[in-house]
Amino acid sequence: MIKTVIFDMDGVIVDTEPVHSYAYFQHFAELNIAVSKDMFTSFMGNSTRNTFQKLKELFPIDGEVEDLIQRKRTLFNDAFDSKEDLYLIEGVEKLIQDLHRNGMQLILASSAAKVTIDRVFKRFNLYQYFTHIVSGEDFPNSKPHPEIFEYAASLSIAPKENCIVIEDSTNGITAAKAAGIFCVGYNSANSKLQDLSLADVVVNNLDELSFELISKF
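Residues numbered from 1 in each chain as written. Predicted model: local features only at pLDDT ≥ 70, side-chain atom pairs only at ≥ 80, totals over all residues. Heavy atoms only, no water.

A. Quick look at the pairing of strand E5 (residues 182-186). Here E5 lies mainly inside the structure; four of its five residues are buried. With four bridges joining them, strand E4 (residues 163-167) and E5 adopt parallel strand pairing. Residue pairing for E5: Ile164 is matched across the bridge by Phe182. As a crossover connection, the stretch from E4 through helix H8 (residues 170-178) into E5 is right-handed. Pairing geometry for E5 and strand E6 (residues 201-203), over three bridges, is parallel. When the sheet's bridge partners are listed, Gly185 is paired in E6 with Val202. (Buried < 20%, exposed > 50% of the residue type's maximum accessible area, 1.4 Å probe, protein only. Helix = DSSP H or I, 4+ residues; strand = E, 2+ residues; numbered from the N terminus. Pairing = 2+ DSSP bridges. Right-handed = clockwise from strand over helix to strand, strands pointing away.)

Structural data, given as structure tokens:
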């Protein structure tokens, strides 16, 4: 029986991807590098640090990775604070409340930086539902490396066989499966060009999920 649900954040709880994309492409323009949309899509699920490490291998970018991260973060925060039409993904608040009300442990395992997670969780009052918050900035490798989910599962009240991950990206699903955890792929309209074929179950709407259904996976 499932005891713990491990949530990704971007694309599953809140759609900050357009804000991230806006900030990244503003920064790419400043750096005068031509990053295609396909290349950018391949970075989904990666931390900002890993993204810039890869970009520095591909393009002649001046500046340290830490400085690049801080500039992108500034652009993101400015856009985040000015974006009034930022909402939780449809159906996710109801799902989170249903799981929490029925005693399911909830853990966040997101590639996002701690400061970004904090902004989202405070804005939507989500801290009350989650026992642990795990940020990708604490790990040297980004998804599809499994270490973030391996660590999240180690925080569970039950063995990883009694955990599931909810993910919407190719890299996230690959990481969950590499960690040996049952994975629900969310076919989000916002997460285009993602391969969900490795997921154990795929849903098109989070309203399809509930405590009753998840507890039986």
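B. Just the environment of Ala158, in detail. Tracing the backbone shows Ala158 in the loop between helix H7 (147-154) and E4. Sequence separation of Ala158 and Lys3 is 155 residues, and the distance between their C-alpha atoms is 6.4 Å. Excluding residues that lie within four positions of it along the chain, Ala158 makes contacts with Lys3, Ala153 and Cys163. (Contact = heavy atoms within 4.5 Å.)

C. Representation of the pattern of salt bridges in the model. Counted under the stated rule, the structure contains ten salt bridges. Between Asp200 and Lys177 there is a salt bridge, with its nearest N and O atoms 2.8 Å apart. Within this pair, whereas Asp200 is found in the loop between E5 and E6, its partner Lys177 is found in helix H8, the two being separated by 23 residues in sequence. Owing to a relative accessible area of 38%, Asp200 belongs among the partly exposed residues under this scheme. Each member of the salt-bridge network shares a partner with another, and the members are Asp8, Lys143 and Glu167. (Salt bridge = Lys/Arg side-chain N within 4 Å of Asp/Glu carboxyl O.)

D. Summary view of H8. Burial in H8 covers these residues: Asn171, Gly172, Ile173, Ala175 and Ala176. Elements in contact with the buried residues of H8: helix H2 (37-42), H7, E4 and E5. Directly after H8, the chain includes Gly180, whose backbone phi takes a positive value near 80°.

E. Up close: the packing of aromatic side chains. This structure, assessed with the given rule, holds twelve aromatic pairs. Considering the side-chain rings of Phe7 and Phe130, the 5.8 Å spacing of their centres and the 70° angle between planes classify their relative orientation as edge-to-face. In this pair, Phe7 sits in strand E1 (residues 4-7) while Phe130 sits in the loop between helix H6 (114-123) and strand E3 (132-135), placing the two residues 123 residues apart along the sequence. The two residues Phe7 and Phe130 agree in class, both being buried. For the pair Phe76 and Phe80, a centre-to-centre distance of 5.7 Å together with 35° between the ring planes defines the contact as tilted. (Phe/Tyr/Trp six-rings, centres within 6.5 Å; stacked < 30°, edge-to-face > 60°.)

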